[in-house]
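# Architecture at a glance
Listed below, chain by chain, are the residues.
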Amino acid sequence: MKANFKFSNLCGTVYQQGNIIFTPDGNSVLSPVGNRVSVFDLVNNKSFTFAFQNRKNIAAIALSPDGNILISVDEDGRALLVNFRRRVVLHHFNFKKPVNHVQFSPNGSFIAVTHESHVQVWKTPNHLVREFAPFVLHRTYTGHHDQVISIEWSPDSCCFITTSKDMTARLYTLDPLDGFRPKTFAGHKSAVLNAYFSSNLKSVYTVSRDGSVFTWRAKASDAQSSSDEDQRVDASTSQEPLVAHRHYFNQPNTKVVCRLLVVGFSSGVFGLWEMPTFTNVHTLSISQEKISSIAVNPSGEWLAFGARKLGQLLVWEWQSESYILKQQGHFFDVNALAYSPDGQFIVTGGDDGKVKLWNTRSGFCIITFSQHTASVSSVQFASQGQVLFSASLDGTVRAFDLVRYRNFRTFTSPSPVQFSCLAVDPSGEVIAAGSTDSFEVFLWSIQTGKLLDVLAGHEGPVSSLAFSLATNVLASGSWDKSVRVWDVFSRSHTVEPFQLNADVLSLAFRPDGQELVVSTLDGQLTFFSTESSKQTNIIEGRKDISGGRKADDRVAASNNASSKAFTSVAWSADGSCVLAGGNSNREGVLIRRWQISENLSLDGTEEFLDSRRVTEAGNIDLIDDRGEASDLEDRMDASLPGVQRGDLSKRRYKREARTKRMLIYSIDDGLSFDPFDLSIELTPQSVLSTLQKESYLEALVMAFRLNEKTVLNRVYEAIPYDEIRLLVRQLPTSYVPRLLGVSAEVLERGPRLEWGLRWIREVLSAHGRWIRERSVELASVLREVKRAVSAFEGIVAQLSDENTATLVYFIDQSRVKEDAESKIALTTASRCKNVSVGAIAVISSYLTPGERWCREHSSPVEDTGG
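One structure accompanies this document, and this report is about it. (Residues numbered from 1 in each chain as written. Predicted model: local features only at pLDDT ≥ 70, side-chain atom pairs only at ≥ 80, totals over all residues. Heavy atoms only, no water.)

A separate point is the packing of aromatic side chains. The tally for this structure, following the rule as stated, stands at 31 aromatic pairs. When the centroid spacing of 5.8 Å and the interplanar angle of 40° are considered together, the rings of phenylalanine 411 and tryptophan 444 count as tilted. Remark: tryptophan 444 occurs in strand β39 (residues 441-445) and phenylalanine 411 occurs in strand β36 (residues 406-412); sequence separation between them is 33 residues. Put simply, the rings of Phe48, Phe50, Phe52 and Phe84 touch in pairs and so form one group of aromatic residues. Looking at arginine 87, its charged tip hangs above the ring of phenylalanine 48, at a distance of 3.6 Å from the centre. Its guanidinium or amino end placed over the ring of tyrosine 721, arginine 758 lies 4.6 Å from that ring's centre, counting from NZ or CZ. (Phe/Tyr/Trp six-rings, centres within 6.5 Å; stacked < 30°, edge-to-face > 60°. Helix = DSSP H or I, 4+ residues; strand = E, 2+ residues; numbered from the N terminus. Lys NZ or Arg CZ within 6 Å of the ring centre and 35° of its normal.)

On to the side chain of serine 190, then. Within the element layout of this structure, serine 190 appears in the loop between β17 (183-186) and β18 (192-197). The class of serine 190 is buried, set by a relative accessible area of 17%. In this structure serine 190 touches Met167, Ser208, Arg209 and Asp210, once residues within four positions along its chain are discounted. (Buried < 20%, exposed > 50% of the residue type's maximum accessible area, 1.4 Å probe, protein only. Contact = heavy atoms within 4.5 Å.)

Turning our attention to the sheet that holds strand β5 (residues 46-49). Across the sheet, which stays open at both edges, the 4 strands sit in the order β2-β3-β4-β5 with antiparallel pairing between neighbours. In this open sheet, the two strands that pair with only one neighbour each are β2 (21-22) and β5. (Pairing = 2+ DSSP bridges.)

Locating aspartate 333 in the fold gives a position in the loop between β28 (322-328) and β29 (334-339). Each C-alpha atom of the pair aspartate 333 and glycine 12 lies 9.3 Å from the other, and the pair is 321 residues apart in sequence.

Since the α-helix advances by 3.6 residues per turn, residues separated by three or four positions end up pointing in the same direction. Of the positions making up helix α6 (residues 709-718), those classed as buried are Val711, Leu712, Val715 and Tyr716. For α6, the angular spread of buried residues about the axis comes to 130°, placing them on one side. Exposed residues pointing more than 90 degrees away from the buried face of α6 are listed as Thr710 and Arg714. Buried residues along α6 sit in contact with α4 (684-692), α5 (696-706), α8 (736-749) and α9 (753-773). (Arc of directions from axis to C-beta.)

For any two helices packed against each other, the geometry comes down to the angle between their axes and how far apart the axes lie. For the pair α8 and α9, the least separation of the axes is 9 Å and the interaxial angle reads 155°. Classified by the interaxial angle, the pair formed by α8 and α9 is roughly antiparallel. Crossing of α8 over α9 shows left-handed handedness. Along its contact with α8, which presents Val736, Pro737, Leu739, Leu740, Ser743, Val746 and Leu747, the element α9 presents Leu753, Trp755, Gly756, Leu757, Trp759, Ile760, Val763, His767, Trp770 and Ile771. (Axes fitted to C-alpha atoms, helices over the stretch in contact; angles between N-to-C directions. Parallel < 35°, antiparallel > 145°, perpendicular 65-115°, else oblique. Left-handed = near helix turned anticlockwise from the far one by under 90°.)

Side-chain pairs of opposite charge can arise where the charged atoms are in close proximity. Under the criterion given, the structure shown has 10 salt bridges. A salt bridge links glutamate 762 to arginine 758; the shortest N-O distance between them is 3.0 Å. Linking glutamate 762 with arginine 758, this pair stays in helix α9, spanning 4 residues, or about one helical turn. Of the two residues, glutamate 762 and arginine 758, neither departs from the other in class, the shared state being buried. Notably, a salt bridge pairs glutamate 773 with arginine 774, separated by 3.4 Å at the nearest N-O pair. You can call arginine 774 partly exposed: its relative accessible area is 29%. Several salt bridges converge on common partners, so that one network encompasses Arg725, Arg758, Arg761 and Glu762. (Salt bridge = Lys/Arg side-chain N within 4 Å of Asp/Glu carboxyl O.)

This part is about unusual backbone geometry. Excluding glycine, a negative phi dihedral is what most residues carry, and trans is how most peptide bonds are arranged. Unusually for a residue other than glycine, arginine 87 sits at a positive phi of about 60°. By the element assignment, arginine 87 lies in the loop between β8 (78-83) and β9 (88-94). At leucine 201, a position not held by glycine, the phi torsion is positive, near 60°. Tracing the sequence through the fold places leucine 201 in the loop between β18 and β19 (203-208). For leucine 201, a relative accessible area of 41% corresponds to the partly exposed category.

The element strand β16 (residues 168-173) is largely enclosed, with a buried count of 6 among its 6 residues. Alternating residues of β16 divide into Thr168, Arg170 and Tyr172 and Ala169, Leu171 and Thr173, and every residue in both groups is buried. In this sheet, β16 lies alongside strand β15 (residues 159-164) in antiparallel orientation, the contact comprising 5 bridges. By the bridge assignment, isoleucine 161 is partnered in β16 with leucine 171. Where β16 and β17 come together, 4 bridges link them in antiparallel fashion. Pairing of threonine 168 across the sheet is with alanine 186, part of β17.

Function-wise, these values are silent; they only describe arrangement.
Next up, the structure:
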């Protein structure tokens, strides 16, 4: 098993707090998620998350006009300067005070940052040159008496306007001008949220929190009544701004939370107004909670909305009135997740009672099942991957069809119990669920939905269940410090108990079914042999776990034993390694550890006591400061006694390190050098020279031995189509797994689809028996092949559907054209007939009565051409 994993993507939450922004091309939207930044590509339907992390949750982000520099600032004012295109952190900087808004100038030369009641303008660092002190302060602007909320630059980057909680807006110039003093726009009765320049730069629009919009214009000086002394008055006094128009949104019991033209309200309604006439173009309710952030793409076609409380991210096309993107993460913590057999999907279950299906390639949520009425405790896929199962504390186990996206089966117990875990038989015919109330394990038939058996014997809540893939036995772990192995498919129904020293938290079978690993509350990993029913090994994992210190802990993290236990264990596909994770801020492997989060906004990530946060009243993080919120709904205390988690009225205000996000890691094979069979004569030059001699088999074997990705891909893609069959049959079996992995990767990412399928087909045909005998060892490689082929099947099906729709459209258009041409022909013929009849009538009107009688009674004469 390889241990060189890197952070790949983040799912489960699409927006948490801060402002959302569009890229300069308008095709992607950036959303802060905790202490990370996620990017959603709206055109290609993909998403990724930057690997860097801020120290705490991000409060504001900004992207330069050329799309090269990204700056993210956390709640404490610590900023990261990132090369957006290369996804590399360039500099760290501390503004030393909380930042509400950060904005690049339109020319990209300056960065304006709010600094409590002041505004600081910094010169933009160069992203191509490494500098010791890249941030250079240009100037500090004062004048406000309360916190500055927003900054808006003029299109020429010569001035900017700021808004503040002191109910005013002020206009500043970037550089001092003779005779100019900053303009003050006063007149609002609430905090001014945003201010904007008109297109002709002759008007300024300000929006306040109470729902009023003011239009400001310069007051013209009266030249006729002024004397020479009056003409020498300072320009700042002769051109004071004047309120030209006052408009109000008239939304009852709501407050404005966002920007002008597109305005979001605290009731979840947003509106579109045309300025300066203040004409309401569009109004729509898109959320049940307050809209926290709004962004408009450069073309003005798409509107992005973020709702902080629900974690929603919406992109709306207002002209066609349709959603471009509609995503929402889990409202509470994620309790369980599972990979699909082909690795294309991940399912998550949370405390909010929802089951969500995520696409690992795009990072988007495909479907949400909300049938459960309580927390989801466990989720699992069937062996074929078309059926999904979930267990919940509401006393039901539900089966979902992933083809039609419906709940087709619901399993219940004779008496109401809460289910804490589940397991699915490898054949997909039987499902088992363990309860926390009756300490029993229930077995149902998936086909009929009937209860087959009830397994009793545990004296505590059942915490974990697992079926063996090879021997078809069921293992159950409980808090009664025991593990029981049930032979549920035999007539004898034998039970093999294993006694342990602490409560069982999790267990898992090795892929070959010959060994069982059990995680207990004392931090140990215990291994049992299923054949001999004996303990084979024990690992003291408590020393390998590095937990964090919570805000109310009295001891250091190194001395705290409450979090030093593995709550989840899993085997690698080849059965050589065990992956174990706990409630701490790190997940540990016996050969390597990964730190999943460095976010200090989460409880349990600090290792030592921060004395700066301790006062006479206790830790600052434990003080409830909701009473200082400006909105009434944010100040209300709806807490219930005894509630700990999974409720809107929970008493805990600070999230722990077990968050509602899901982290995805992938193999980092970009810069690794891991030769398979290296020798002195084996170099990249020798491999390429062998390839030029058209010795394809020798070149491919040498590339596998060197194991350098670029050289291997070059040799692999240079092999002709007609040489594939002969080469695969002559290839040694030791290189077959590597060849399957490379073929799956090229088929998944490359454009040569038929060529990649030919490789996989020839390998399976020539070495199928050898692969079948080692199916357990090659499980990970075969899973990659299955995922690549399934993705190819989906691409072909989608392309066929698109081509079918296009052909139907062309056929319909041709029919419409033919009908139109036939109608035109009939109309022309009828018109010609009418014209000939009219001409005859005109000619006959000039004839005498005798000539007219002879013409009517004469027989037609044939035209002989004479």
